[in-house]
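# Secondary and tertiary structure notes
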Amino acid sequence: MEIRHKDLKLIIFFMLIYLLWWGLFRVWFFFFDDLPEVTIDNLTDIAQKTIVTDRNDTLLYTFFEEDRTYTSYEDVPDYVTMAFLSTEDRNYREHRGFDTIGLMRAVINNLSVYLGNSSGLQWASTIPQQLTKNMYLTNERTYKRKVQELVVTRKIYSTLDDFYADMHPDLEERKIDLLVRKKIIELYMNLIFLGNNSYGINIASQNYFGKDLQDVTLLESSILWWLAKAPSTYNPLAKKANMMGDWQISDGKEIFLASDERTSKVFLNQIRESLETKFEFEYLDVLRPDWITFFWWGSFVNNDVEYNYQYIPGRKDFVLWAMFQEWYITHAELINAFLEWIDYDFAPPQYRYTIESPHFVFFVRDFVLNNPQLEQLGISLNDILRWWYTIKTTLDLDMQKSAQTAADLTRDQLQRDGATTRGMLHVDSTNWDILSYLWSVDYYDSTVDGQFDIVQASRQQWSILKPFVYAKLLENYPIWIDGNIYDAAYDLWPGPVPNNADGWFMWRVTISRALNNSRNRTAIRAHLANGGEKQMKPYYKSLWLTDLPTDETYGYTLSLWAAEESLFHLAQAYLQLSTPLDKVPYVNPILSIQWPSWEIIYQKWEDFHERIVPKWVAYQIRNTLKRHREVSPFWQERITYTGLWEYAIKSGTSDVKINWVPYAKDGLVAIYNPDHTIVSWWGNLDSKPLANNMLWSKLNKPLIQTYIDELWPEIMLPKTIYARPNDLLPNGIYNNTKYKEVPDNIASYLWR
């Protein structure tokens, strides 16, 4: 079929339309398919840092991904803003995102480069474009990225226009535009990297000058803003002459630089005097672009030798000159800034983020990330590193320092006794505030694996669990703490039978003496009377000893040594004995979490769990463990602490026999009253035996005693009274026990 001429033109027309549409689509897809979204939230999402403090707001540590302290526009000194505008974008007040004249100049230059008539591409980036590049795009130099930069920059202006228009509906357009321009400067000043681990101008001021941003001088302002161009190239701490300039000095025979170590400070002072004299009668010609090299030369005499000097300009001089050309500073300010640098010294490099109580700080970080009580906040590690949280903790830094001092003072003795490390946890018995947290003898000592957290590690608890065995016995049956139990060699089970630690039997003995003297045989009898492992394992778990595996069988050893638990959980269990409250508080080392606006997003609440050990039982156990004189001479030297009359004390240890001689491997102690609970572990992480005379609590006594002495009298005498429960009968038996008398099968365990 023959196609008419008219139809052919129509077909060609539609084909051209299609090709044009397809070409435009491809261009759009190439430039804008991966264009980032701009919102007020991601525009202001600049990584900051999280600070952790103790209960008295003393700084413990700062977590950050980028070391930055956000500074508002109003808090930036005028000199800094002037240096910024004169260096980065002179026409900032005249454009809305990009400088048309500068952009056309760059296009013409780049065409000339391609034609071979010039060298060096230009990209004509304004302050808003640099903000766009650093916040949303990459540093690659391509035309695609440049087009995207222009589009996203317009989006930034549009987003901020809408934000301030909604915030201030009655404000005229000119003033909204001023707010937008200030905000863009603020964002860029806080975002930019200035070298030496400095993000934002505030931290840069502290790192380079050792002062807050509000105190920087004109000279220092000029240094800051040239750093923005190439932080590593012009780092004044490493390459001072590149940034600050230098003096070339000659005596007619030799030429040397003022930056040379051989150069005397006297020369610099004489140059300064020469220039000050010169400036008294000479005025700077503002039209001369070579003003530095034209004026900054001269001569002086030293020891009858005439020296000529000439200045080699540094990069900070170009900033000062630009500020002067823009009428931001006067002639006098320019000269004074120049003279200031002649004998200027930078702040010595220093690591500003020393860490107080590293053991506790990293525990708190993990607690925030993993604890179910804080799960609703949804805080991630990335949030901690990027958002400016203030986490106020329960730690008392003075008590923490006392704990570390005690560890340091007793470390030599610890090593003489064959141990390498120890851990300690001190909590408030009334609210479970952690007051001190020592997870190793020295966090920074790799020879003892100092960064291993002893407080959180599961280890065998040994005799330190015996108070709970007897507590369950008193709760179950009408038995008095001063009632009898047999410490005898009678075998109640097949297989090996553990002996008492001193190798003796006390035969008929009160439960209180059996507990105070840590008798193994009586503890096993109580364990069996309580129903054995079947009943005791759930009981231990209810006490917060949650590390116990449910699928492992221990037998009677569960109540003597086999149960592996952490000091952390052990302290939680001992709160059942120490606290006088009707319910037992949950562990929580955090008092509050705040946003940068000081809005509190989390505050510790009084959260308690069920009391497992009844108060009338805990009262009797505590009174028993306070009877230090009831302990046999074998134990007296090992558990007697000076001044702890109102504290209940219980210890536990593991040992190994070498050639029939017992050697301790490690040990624990728990000390408590109604206000304070302290638990401690000592030994070697590799379970290497200690010295053969270092049994039980004797090894831990120096640390606890020194710590207590450091805090005297603050934690000695209890402020809270643990009153005798009303429902405890005069004979020490609870008047509402399940049984009115001890069943025969139970009696056979206790008294056969």
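Above this text is the structure in question.
Remember, predicted model here, so these are calculated numbers, not experimental data. Just so you know, the residues in each chain are numbered from 1, in the order the chain's sequence is written. In view of the model being predicted, local features appear only for residues whose pLDDT reaches at least 70, and side-chain atom pairs are presented and counted only at 80 or more, with totals across whole chains, interfaces and linings using the full set of residues. Excluded from the side-chain calculation are hydrogens and water; included are all heavy atoms of the structure.

Another point: the sheet that holds strand 20 (residues 676-683). Two strands qualify as a pair provided that DSSP identifies no fewer than 2 bridges between them. Helix and strand assignments follow DSSP, with helices taken as H or I runs no shorter than four residues and strands as E runs no shorter than two, numbered in order from the N terminus. The strand order 9-8-20-19-18 describes an open sheet built from 5 strands, whose pairing is antiparallel. Of all the strands in the sheet, the pair left with one neighbour each is strand 9 (434-438) and strand 18 (648-658). On average, each strand axis in the sheet is inclined to that of its neighbour by 10 degrees, with strand direction left out of account. Pairing of strand 8 (residues 421-428) with strand 20 involves 8 bridges; the strand directions are antiparallel. Counted as the bridge partner of His-426 is Ile-678 from strand 20. For this analysis, residues touch if any pair of their heavy atoms sits within 4.5 Å. Here the axes come from fitting lines to C-alpha atoms, over the contacting stretch only for helices, and the angles between their N-to-C directions go from 0 to 180 degrees. Contacting strand 8, strand 9, strand 18, strand 19 (661-672) and strand 20, helix 23 (residues 567-578) runs over the sheet at an angle of about 145 degrees to strand 20.

What follows covers the environment of Lys-541. You can see Lys-541 is positioned in helix 22 (residues 532-542). The exposure class assigned to Lys-541 is partly exposed, which follows from its relative accessible area of 25%. What Lys-541 contacts, discounting residues up to four positions off in sequence, is Thr-546, Leu-548 and Thr-550. Exposed residues in this analysis have more than 50% of their type's maximum accessible area, buried residues have under 20%, and partly exposed residues fall in between, with area computed by a 1.4 Å probe over protein chains only.

Attention shifts here to the pairing of strand 3 (residues 246-250). Most of strand 3 sits out of view: 4 of its 5 residues are buried. Bridge analysis of strand 3 against strand 4 (residues 255-257) gives 3 bridges, and the strand direction is antiparallel. Across the sheet, Ile-249 pairs through a bridge with Phe-256, a residue of strand 4. Taken together, strand 3 and the strand that follows it, strand 4, pair antiparallel across an intervening segment of 4 residues, in which Gly-252 is found at a positive phi of about 90 degrees.

The sheet built from 4 strands is open, its strands ordered 4-3-6-5 with antiparallel pairing. One side of each edge strand has no neighbouring strand; the edge strands of this open sheet are strand 4 and strand 5 (297-302). Taken pair by pair, the neighbouring strands of this sheet meet at an average axis angle of 30 degrees, ignoring direction. Across 5 bridges, the pairing between strand 3 and strand 6 (residues 305-312) is antiparallel. Opposite Gln-248, over in strand 6, you have Gln-310 as the bridge partner.

Here the focus is the packing of helix 19 (residues 466-476) against helix 24 (residues 615-625). For the pair helix 19 and helix 24, interaxial distance at closest approach is 10 Å and the crossing angle is 135 degrees. Here helix 19 lies oblique to helix 24, going by the angle between them. In this structure, helix 19 meets helix 24 at a crossing whose hand is right-handed. Contacts between helix 19 and helix 24 involve Pro-467, Tyr-470, Ala-471, Leu-474 and Glu-475 from the former and Trp-616, Val-617, Gln-620, Ile-621 and Leu-625 from the latter. When an angle is under 35 degrees it counts as roughly parallel; over 145 it counts as roughly antiparallel; between 65 and 115 it counts as roughly perpendicular; any other value is oblique. Less than a right angle of anticlockwise turn of the near helix away from the far helix marks a crossing as left-handed, whereas a clockwise turn marks it as right-handed.

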